[in-house]
Amino acid sequence: MGFLGASGCGKSMTLKCIAGIERPDEGRIALDGRVLYDAAADINIPPQKRRVGYLFQNYALFPNMTVEENIGVSLHKNRDLKKEEKKNLIAEQIANLHLKGLEKRYPKQLSGGQQQRVALGRIFAYSPDIILLDEPFSALDAYLKDSLQYELFRILKEMGSSFILVSHNRDEIYKFCNDLILYEDGHTIMSGRTKEIFKNPVKKEAAKLTGCKNITRIKKINDYEALSLDWGVRLRTREKITEKTAYIGIRAHQLLSALEDKEYNTIRIKVIKQLNGPFELQLILKNASCREGSEIWWLLSGNEMDIVKKAEIPDYLYFPPEELMLLES
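Residues numbered from 1 in each chain as written. Predicted model: local features only at pLDDT ≥ 70, side-chain atom pairs only at ≥ 80, totals over all residues. Heavy atoms only, no water.

1. Here we look at a nonpolar patch on the surface
Cut-off, in case you're wondering: For patch building, the residue pool is restricted to those with more than 30% relative accessible area and no salt bridge; the joining distance is 9 Å between like charges and 5 Å between nonpolar side chains (Val, Leu, Ile, Met, Phe, Trp, Tyr). Accessibility throughout is a Shrake-Rupley quantity obtained with a 1.4 Å probe, and a residue counts as covered only by protein chains that appear here. The term salt bridge refers to a side-chain nitrogen of Lys or Arg lying within 4 Å of a carboxyl oxygen of Asp or Glu. Going along the chain from the N terminus, every DSSP run of H or I of four or more residues is numbered as a helix, and every run of E of two or more is numbered as a strand. To sort residues, take the accessible area from a 1.4 Å probe on protein chains only and compare it with the maximum for the residue type: under 20% means buried, over 50% means exposed, and anything in between is partly exposed.
Residues Ile-221, Leu-227 and Leu-229 make up a contiguous nonpolar surface patch of roughly 230 Å² in combined accessible area. For Leu-227, the location among the structural elements is in strand β11 (residues 225–228). On the basis of relative accessibility, which here comes to 34%, the residue Leu-227 falls in the partly exposed class.

Pasting the structure below:
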């Protein structure tokens, strides 16, 4: 499951409550039917007995312990394990997380990515019932991030572990989380299957949190037509516009170029800014016929990007009806 929301909205606080680091004012927390916290019943299981693995943003390694000692610290209180078994578990995590050769090093001798892998190894060695990941890839460079993402979720899958991922990166959430909770100001605004929420976010704030930059207020004309009050264009939709529909959105990569103006779903464009990336091109546009219109983001990649870079930017932009998202307040 992924938690997605702006900074300060309550994602990390929720993880801390699940782990037992923070005590909620009220409510109930249960994991696979096992109650960890219940205010009404005065139940509050201590953190060390919850069998919850928590990856802190700063990793929380012991500076006076080596890599293998940090990984093994979670095994010391397990009296059912023999010394040789503990040694094998530590070696297994070192191999899985590509830490061979670093066993005797201390945290200050490790890179940020290596420190994170040690922290993950400590969690995996403990075999918790659920793993809480709080922005686990935010401090990593792009190459190491991709490599560690693959390894982390491969290991999680092999272990059959349930996990909650807190991230500001919607791509990470989309790739790795089957389910999603969207947060705003300490409240859940939507929850469900990740791909379904991205496809049909229903609400304006949910669309924004899942990365939609183009959202306009509308005035309904009929069940399948509306006037964009911010882009100055008449929009035809594939889905029926209801009385609850207050906005229409479209993702930047779903816009298309057009050869000519049309009565519906097309504007003549004026480029405000062009942002060139190695693998994509972003154009910030306005309706050339609308003096006070809001900006529209258009994202091009692959052949589309090459065509626009080599030739001229097209005069018209098309809003495909099948890609328009009908949104409530």
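2. Observations concerning the sheet that holds strand β15 (residues 266–276)
Put simply, the rule reads: Two strands pair under a simple rule: DSSP has to find at least two bridges between them. Only the stretch in contact is used when fitting a helix axis, every axis being a line fitted to C-alpha atoms; angles between N-to-C directions are given from 0 to 180 degrees.
Across the sheet, which stays open at both edges, the 5 strands sit in the order β14-β18-β15-β16-β17 with antiparallel pairing between neighbours. Either end of the sheet is taken by a strand with one partner, and the two such strands are β14 (256–258) and β17 (296–301). Direction aside, the axes of adjacent strands within the sheet are offset by 50° on average. Of the strand pairs in this sheet, β15 and strand β18 (residues 316–318) are connected by 3 bridges, and their pairing is antiparallel. Pairing of Arg-268 across the sheet is with Tyr-316, part of β18.

3. Examining the pairing of strand β10 (residues 214–222)
With 4 bridges connecting them, β10 and strand β13 (residues 247–250) associate as antiparallel partners. Residue pairing across strands places Arg-217 opposite Tyr-247, the latter belonging to β13. Examined bridge by bridge, β10 and β11 share 4 bridges and lie antiparallel to one another. Residue Ile-218 lies in a different strand from β11, and its bridge partner there is Ser-228. Here β10 hands over to β11 after 2 residues, the two strands then running antiparallel side by side.

4. Digging into the pattern of salt bridges
Enumeration over the complete set of coordinates arrives at 15 salt bridges. Lys-208 is paired through a salt bridge with Glu-205; the nearest N and O atoms lie 3.7 Å apart. Here Lys-208 and its partner Glu-205 are both found in helix α8 (residues 204–209), 3 residues apart, which amounts to about one turn of the helix. Residue Lys-208 is classed as partly exposed on the basis of its relative accessible area, which comes to 43%.

5. Quick word on the environment of Leu-31
As for its position among the elements, Leu-31 is in strand β2 (residues 28–31). In this structure, the C-alpha to C-alpha distance between Leu-31 and Lys-244, residues 213 residues apart in sequence, is 36 Å.

6. Brief notes about unusual backbone geometry
One non-glycine residue, Val-202, lies in the positive phi region at around 70°. Mapped onto the elements, Val-202 comes out in the loop between α7 (194–199) and α8. Its identity as a non-glycine residue notwithstanding, Asn-265 has a phi of 60°, on the positive side. Tracing the backbone through its elements, the reader meets Asn-265 in the loop between β14 and β15. Given a relative accessible area of 2%, Asn-265 falls into the buried group.

7. Quick notes on the layout of surface pockets
So the rule is basically this: For each structure, a 1 Å grid was placed over the protein atoms alone; sets of points admitting a 1.4 Å probe that cannot get out are labelled cavities, open sets with protein on both sides within 12 Å along at least five of seven lines are labelled pockets, and lining residues have an atom within 4 Å of a point. Grid points are joined across faces, edges and corners, and a volume is the space filled by probe spheres set on the points. When residue character is reported, Ala, Val, Leu, Ile, Met, Phe, Trp, Tyr, Cys and Pro are called nonpolar, Asp, Glu, Lys and Arg charged, and the others, Gly included, polar.
If you add up the space inside the largest pocket, you get close to 910 Å³. For the largest pocket, the lining is made up of 25 residues, of which Pro-47, Gln-48, Val-52, Ser-74 and Tyr-126 are closest to its centre. For the lining of the largest pocket, the secondary-structure elements that each account for two or more residues are β5 (52–55) and α4 (112–126). With 4 residues, α4 is the largest single contributor of residues to the lining of the largest pocket. When the residues that make up the lining of the largest pocket are grouped by side-chain class, the tally is 15 nonpolar, 6 polar and 4 charged.

8. Some points on helix α5 (residues 142–159)
Defined as follows: By this rule the span expected of a helix is its residue count minus one, scaled by 1.5 Å. Only heavy atoms matter for contacts: two residues are in contact if any of them lie within 4.5 Å across the pair.
Compared with an ideal rise of 1.5 Å per residue, which puts 18 residues at 26 Å, α5 spans 26 Å between its outermost C-alpha atoms and is within 8% of the ideal. Along α5, the residues that are buried comprise Leu-144, Leu-148, Gln-149, Glu-151, Leu-152, Phe-153, Ile-155 and Leu-156. The inward-facing, buried residues of α5 abut α3 (83–96), α4, β6 (130–134), β7 (162–167) and α6 (170–176).

9. What about the packing of aromatic side chains?
In plain terms, the rule: Between 30 and 60 degrees the pair is tilted, below 30 it is stacked and above 60 it is edge-to-face, where a pair is any two Phe, Tyr or Trp rings, Trp via its six-membered ring, whose centres lie within 6.5 Å. Here, over-ring charges are defined by two tests on the NZ atom of lysine or the CZ atom of arginine: distance to the ring centre within 6 Å, and angle to the ring normal within 35 degrees.
Under the criterion given, the structure shown has 6 aromatic pairs. Summarising the aromatic geometry, the rings of Tyr-174 and Phe-198 are spaced 5.0 Å apart at their centres and angled 70° between planes, so their arrangement reads as edge-to-face. Here Phe-198 lies in helix α7 and Tyr-174 lies in helix α6, a separation of 24 residues in the sequence. Here Phe-198 falls in the buried class, since its relative accessible area comes to 11%. Members of the aromatic cluster, joined through ring pairs, are Phe-153, Phe-163 and Phe-176. Across from the ring centre of Tyr-264, 3.5 Å away, lies the NZ or CZ of Arg-236, which sits over that ring. The ring of Tyr-318 has Lys-262 lying over it, and the distance from NZ or CZ to the ring centre is 4.8 Å.

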